[in-house]
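# Observations on chain architecture
Chain residues, written in single-letter form:
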Amino acid sequence: MALTETPRASPDALLTLANREGRGRLKIFLGAAPGVGKTYAMLQAARTASAEGTAVIVGLVETHGRRETEELLRGLEVLPRLSVPYRGRMVQEFDLDAALMRHPELILVDEYAHTNAQGSRHPKRWQDIEELLAGGIDVWTTLNIQHLESLNDVVQRITRVRVRETVPDAVFDAADELVLVDLPPDELLKRLAEGKVYVQDTAARAVNNFFRPNNLVALRELALRRAAERIDSDLLERMQGGGVEGPWAAGERILVCVGADQISPAVVRHAKRLAEAIGAPWLAATVERPGESLGPEQRHRADETLQLAARLGADETKTLVAGDMVQELLRFARFENVTQIVVGRSRGGWWSELLGRSLPHQLVHHAEDIAIHVVTAKDGQTRKMRWWNRLPRMKPDQPWTPFLWSVLAVGGAIMVGRTMASVVSLPNVSMIFLVAVLFAAVRFGIWPAVVSSILSFLGYNFFFIDPVYTFTVARPHELLALFIFLGAAVLTSALAGRAREQAAAAVSRARATRRLYEFTRRLSSFPNASAVAEGAAVELSGYLNRPATILLPQGDVLELAASWPPEDELDTASASAARWAYERDEAAGAGTDTLPSARWLFLPLRSSHGRVGVMGVALDGAALDAEIRTLTETVAELTAAALERARLTREIVAANTVAESERVRNTLLASISHDFRTPLASILGAATSLIDYGSKLPEHARRDLLEQVKDETEHLDRMVRNLLSMTRVEAGALELRRDWVDVREAFDRVVALARRRGATQAFRLDVDPELPFVQADPSLLDQALANIVGNAVRYAGPDAQVELAARRDGEEVVLSVTDDGSGIPPALLSKVFEKFARGREQDGDGGEGTGLGLAIAKGIVNAHGGAIAAESPVANGHGTRIVIRLPLEEKRP
């Protein structure tokens, strides 16, 4: 019997279905051109759905004055529009917040590609719809094929009209359902002529421009093909999700190479269409040469091209840095398992084409097992960048001091050359001028060096080539040498200037790397989240030379944790962008698609456990290029990691505190239960004997039992007072009632108390007769001394000698209690003044006591402004001495 393997669903398809859980469903009514009936078809379907019990709301529908479309709106709930001020007048826009608050089951939002008025939360309506979908609301919308981003250049070639409002292919492909609304071109032109699409004047202009028959046929074909591709994609997804076997288009992977030229957007769109046709993933990459500096316009164009690739659904966009562009692209292609490369070729560059040095030629020559697609430019597109376009641009505010130094360097070369020529015969003075050119190139860059080259060319001709003091050249070979010198000077200046630019770029990158390293080290030393936020804001502001801020969550509110330069609060738009970035885990504010009118750009601070805050950078209308954006994101990641570390540290400290409190509580309960049991048992036994046999016992026996009850009760009272004293010491609530205390009398009281408690040790007092009185709380000082003496009695042994000594040492009184017992073990010596620290008695038992006596004594002595210490052994490897130092008052009785 043959076993058949059950087909399994594709993991990618299952992941796609899982990601759609909780989201609303998007249905797009697609048309080839305006007027084919998309809105009419959407409203008809909405009325049908409403009749079947679906709660339908019209968020926004543009009827364009068409009576039959307005008739379909009757009976449907229409959401009021939002008035937005724009250029001195009020425009009516879709009210996104009202729709989210209303949260209908289905909402109709017309014109998917519409651009919102400035100041709206999102610049595009498709982004409003994305937020509705994320909120779990089903959305129906309309779209014309010319608004699809990947077809933008194709539509422009067909219609000669550049469509400005586009929709990324990624959001279009994510739609759950596509309805193609088709109308033959003849019928559409008839509707246009009848005024059912535009008014008469507008219709006439439309027929002469956009609505030409050939254009409509081509657009209709694009719409039909795009709908067919979508149906095929849906079928493939359903088959994979259901585990249906089939020949899948696997293994293909496309890399598109882009740059700063204007053909790159067309190359990206071609790669998107190619990837869509064969069902392959694709990615985009650009290569920057070390030290090569692009102008602001070129940098912006390259960044825009990479952003276009991301909007069209590229799996990844990458900026590579290498001197050899071809080898780096092929290395990256092999690393990413790319099977096809799409590259553009601008018209022009005949020299590179002749030598086979163009990028397409080099890729074809060096690529192995990789297909190369070459996209050519149109005549109207910018030609390939020449070598001089790659030179650094002169800044408008560049100072003229470097050029003045260049002139002086050439003047110095002329003077040196004239002086040396009058002394010795120089075969070639031009070398002196090359020194001047190299000086300008190395010191100031390319353009001052080019000026120096031209001046050297003129100076060499005027002062050193016969006839001198004229620009005339008598002999042809000197003219040739002169132009060779000019070429060599310009080439030398370019090479030296390029080396200088590369060195400056390397220094800049090294400085940035060092600052990041130092920033990482400082982050690790910040003790808490506030210090991390403040350090990150200062560091980011220093990097970008722009204001920076950090916002951290406090409950349900984002609060300004740090800002540099200091700023008290954010404006309303910026605060909304910060909240959006934190809640949606995506960049918001200036330079993004969410609240772009805000002054600040906000990036979420992500950690392994979620978002920990928001980082903001003030752009004030400017934009961050890709390199600065990457640096900002790196600082954000480091800051998030530091904030997460601070949070974990705080939690560890809290956990340790709880664990320590639990340990103290358990120790205290164990100590109390053990230490209270013995006296309570004695009291209970004596009381029971008195109750049961009181009348039968002789008088002295009854008295002994009562004294036993009294002694054990006093013992319990002492332990309770020790506990209460320890509580007051830790709370800082120990109240001192100072008075003049005679130390000898205090010693006498402590020794008498110890003997009443049954101490058998021999006590000796050694008090300086001239010892002055001490300003202290008598009862607390007695308690501290009693605890120390009691500790000696308990641990020194019944036959030990205990000495109580007092002497003056400068402006201090030194009290000491010394015994000749076995001493304190070295491991316990440093802990004797800690709570619950207990040693072993002579019999090996821990004995009675809470382990708080010496801790209380230390608290009392510290409250008096004194100090206490323990010494062990004292002599001959035995004994313990507890030393107390108390300050003497200036005025004494």
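Reading the values: rules and limits
- Residues numbered from 1 in each chain as written.
- Predicted model: local features only at pLDDT ≥ 70, side-chain atom pairs only at ≥ 80, totals over all residues.
- Heavy atoms only, no water.
- pLDDT = per-residue confidence, 0-100.
- Contact = heavy atoms within 4.5 Å.
- Helix = DSSP H or I, 4+ residues; strand = E, 2+ residues; numbered from the N terminus.
- Buried < 20%, exposed > 50% of the residue type's maximum accessible area, 1.4 Å probe, protein only.
- Pairing = 2+ DSSP bridges.
- Right-handed = clockwise from strand over helix to strand, strands pointing away.
- Axes fitted to C-alpha atoms, helices over the stretch in contact; angles between N-to-C directions.

Within the chain, residue pLDDT values average 78, and 79% of them lie at 70 or more. Note on residues 245-250: pLDDT is under 50 here. Beyond four places in sequence and across chains, it has 7 contacts. Between residues 379-397, whose pLDDT stays under 50, and residues either more than four places distant or in other chains, the model counts 33 contacts.

Here we take up unusual backbone geometry. Residues Trp-564 and Pro-565 are joined by a peptide bond in cis, for which omega reads -5 degrees. Mapped onto the fold, Pro-565 is located in the loop between strand S15 (557-564) and helix H21 (572-584). At His-103, a residue that is not glycine, the phi angle is positive and equals roughly 45 degrees. Relative to the elements of secondary structure, His-103 occurs in the loop between helix H4 (96-102) and strand S6 (106-109). For Asn-545, which is not glycine, the phi dihedral falls at a positive 55 degrees. By the secondary structure assignment, Asn-545 is in the loop between helix H20 (529-544) and strand S14 (548-554).

What follows concerns the pairing of strand S2 (residues 56-60). Counted residue by residue, S2 has 5 buried out of 5 residues, so it is predominantly covered. With 4 bridges connecting them, S2 and S6 associate as parallel partners. Considered in S6, the bridge of Leu-60 is made with Val-109. Of the strand pairs in this sheet, S2 and strand S3 (residues 77-78) are connected by 2 bridges, and their pairing is parallel. Among the inter-strand pairings, Ile-57 is bridged to a residue of S3, identified as Glu-77. As for the winding sense of the linkage, the β-α-β connection from S2 through helix H3 (residues 67-73) to S3 is right-handed.

Within the secondary structure layout, Pro-265 lies in helix H11 (residues 264-278). Overall, the relative accessible area of 23% leaves Pro-265 in the partly exposed class. Distance from Pro-265 to Ser-150, taken between C-alpha atoms, is 9.5 Å for residues 115 residues apart in sequence. Other than its neighbours up to four places away in sequence, Pro-265 contacts Thr-305 and Leu-308.

Attention now goes to the sheet that holds strand S25 (residues 880-887). Spatial strand order, S20-S22-S23-S25-S24: 5 strands in an open sheet with mixed pairing. The sheet terminates laterally at strand S20 (762-767) and strand S24 (867-871), the two strands that pair on one side only. When the angles between neighbouring strand axes are averaged without regard to direction, this sheet yields 15 degrees. Bridge count between S20 and strand S22 (residues 801-809): 6 bridges; the pairing is parallel. Note that in S22 the partner of Arg-764 across the bridge is Glu-803.

Looking now at the pairing of strand S9 (residues 254-257). The alternating pattern of S9 places Ile-254 and Val-256 on one face and Leu-255 and Cys-257 on the opposite face, and all of these are buried. Where S9 and strand S10 (residues 282-288) come together, 4 bridges link them in parallel fashion. Among the inter-strand pairings, Val-256 is bridged to a residue of S10, identified as Ala-284. Handedness of the crossover joining S9 and S10 through H11: right-handed. As defined by bridge partners, S9 adjoins strand S12 (residues 340-345) across 3 bridges and the pair is classed as parallel. Of the residues in S12, the one forming a bridge with Leu-255 is Ile-341.

Bringing the sheet that holds S6 into the picture now. Read from one edge of the open sheet, 6 strands run S3-S2-S6-S7-S1-S8, paired in parallel fashion. Of all strands in the sheet, those with a lone pairing partner are S3 and strand S8 (177-181), marking the two edges. Alignment of strand S1 (residues 26-31) against S8, held across 5 bridges, turns out to be parallel. In the strand pairing of S8, Lys-27 is matched with Glu-177. The strands touched by helix H2 (residues 38-51) within the sheet are S1, S2, S6, strand S7 (138-144) and S8, with S7 carrying the most contacts at an inclination of about 160 degrees.

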